[in-house]
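One letter stands for each residue in the lines below.
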Amino acid sequence: MGFLSNLVGGFTGSAAKKQLNKGISAVKEGTQQQTGAYQTYGNQAQGYVAPYRESGERFNRLYGDAYGVNGVPARTAAQDLYLSDDVEGRGRTYDLSRSGRAMNASGNFTSGTAALADSRIRDSRYWNWVNGLERGAGQGQNAAATSAGLAQQTGGQIGGAYGNQSGQLANLYGQQAANANTLAQNVIGVGGLAVSAATG
């Protein structure tokens, strides 16, 4: 039965058609697995970058608040946040005390010079804090660029996988089309043999 089935399958082309269909299914399944893996690893990589991108976004927002580009209430909130920092407050107090002692020693503690030095210290420390926010925002920008690069890479990998699939499928479909003519060609061949035998 197996021999007869193989004989008929070879004559009609059905055996080749089954193999081609298996090949087509295998190509599609393999591409799906490959693109799924690319997407999974791409998502994992994005997950590693995301905390830095998100913290950078917060730094950038607060940096804009400190400069007042997001409105007066936002600027006031940023200044209040700065003033609520205990560590920064202790550093500011230390600098002001040191400046005050120097002014007192020189006899200028109650002069305009002392008030100017006090103002400069406060301004300097505040803008140093703001510049720190800018560095944090820069970290976020770098992370965003990395994230964009990862997305582009993942897209390229997935696109490449589908491109390879298209080439493989085009080849298999071409073979399938050629195989579709097998039965007709074999019938014509048999008919030709019969004619030759009859007229021979």
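In what follows, the accompanying structure is described. Computed from a predicted model, the values in this text were never measured in an experiment.

With that out of the way, let us pick up the overall build of the protein chain. Counting its regular elements, the protein chain contains six helices and zero strands. Start at the N end of the protein chain and walk to the C end: the helices and strands fall as α-α-α-α-α-α. Out of the 200 residues belonging to the protein chain, those deemed buried represent 26%. Residue pairs at least 24 apart in sequence account for 79% of intrachain contacts in the protein chain once pairs closer than 6 positions are excluded. With an accessible surface of roughly 13100 Å², the protein chain has 56% of that area assigned to carbon and sulfur atoms.

A few words on the side chain of Ser147. Tracing the backbone through its elements, the reader meets Ser147 in helix H5 (residues 112-180). In this view, Ser147 contacts Gln46, Val49 and Arg53; residues no more than four positions away in its chain are not counted.

Before going further, it helps to examine the environment of Gly23. Position of Gly23 relative to the elements: it lies in helix H2 (residues 14-67). Placed 146 residues apart in sequence, Gly23 and Leu169 show a C-alpha to C-alpha distance of 8.7 Å.

This model, assessed by the stated rule, comprises six aromatic pairs. With 5.2 Å between their ring centres and 75° between their planes, Tyr63 and Tyr67 make a pair best called edge-to-face. Here Tyr63 and its partner Tyr67 are both found in helix H2, four residues apart, which amounts to about one turn of the helix. Judged by its relative accessible area of 18%, Tyr63 falls in the buried class. With relative accessibility at 43%, the residue Tyr67 sits in the partly exposed group. Judged by centre distance (5.2 Å) and plane angle (50°), the ring pair of Tyr82 and Trp129 falls under tilted.

Turning next to the nonpolar core. If you look at the biggest cluster of nonpolar residues, it comprises nine residues: Leu62, Tyr63, Ala66, Ala78, Tyr82, Tyr126, Trp129, Val130 and Leu133. Elements with a contribution of two residues or more to this core: H2, helix H3 (72-83) and H5. Residue contributions to this core peak at four residues, all from H5. Here Tyr126 is in contact with Ala66, Gln79 and Tyr82, once residues within four sequence places are set aside.

Reading the values: the criteria
- Residues numbered from 1 in each chain as written.
- Predicted model: local features only at pLDDT ≥ 70, side-chain atom pairs only at ≥ 80, totals over all residues.
- Heavy atoms only, no water.
- Helix = DSSP H or I, 4+ residues; strand = E, 2+ residues; numbered from the N terminus.
- Buried < 20%, exposed > 50% of the residue type's maximum accessible area, 1.4 Å probe, protein only.
- Contact = heavy atoms within 4.5 Å.
- Areas by Shrake-Rupley, 256 points an atom, 1.4 Å probe, with all protein chains shown as cover.
- Phe/Tyr/Trp six-rings, centres within 6.5 Å; stacked < 30°, edge-to-face > 60°.
- Core = buried A, V, L, I, M, F, W, Y, C linked by side-chain atoms within 4.5 Å.

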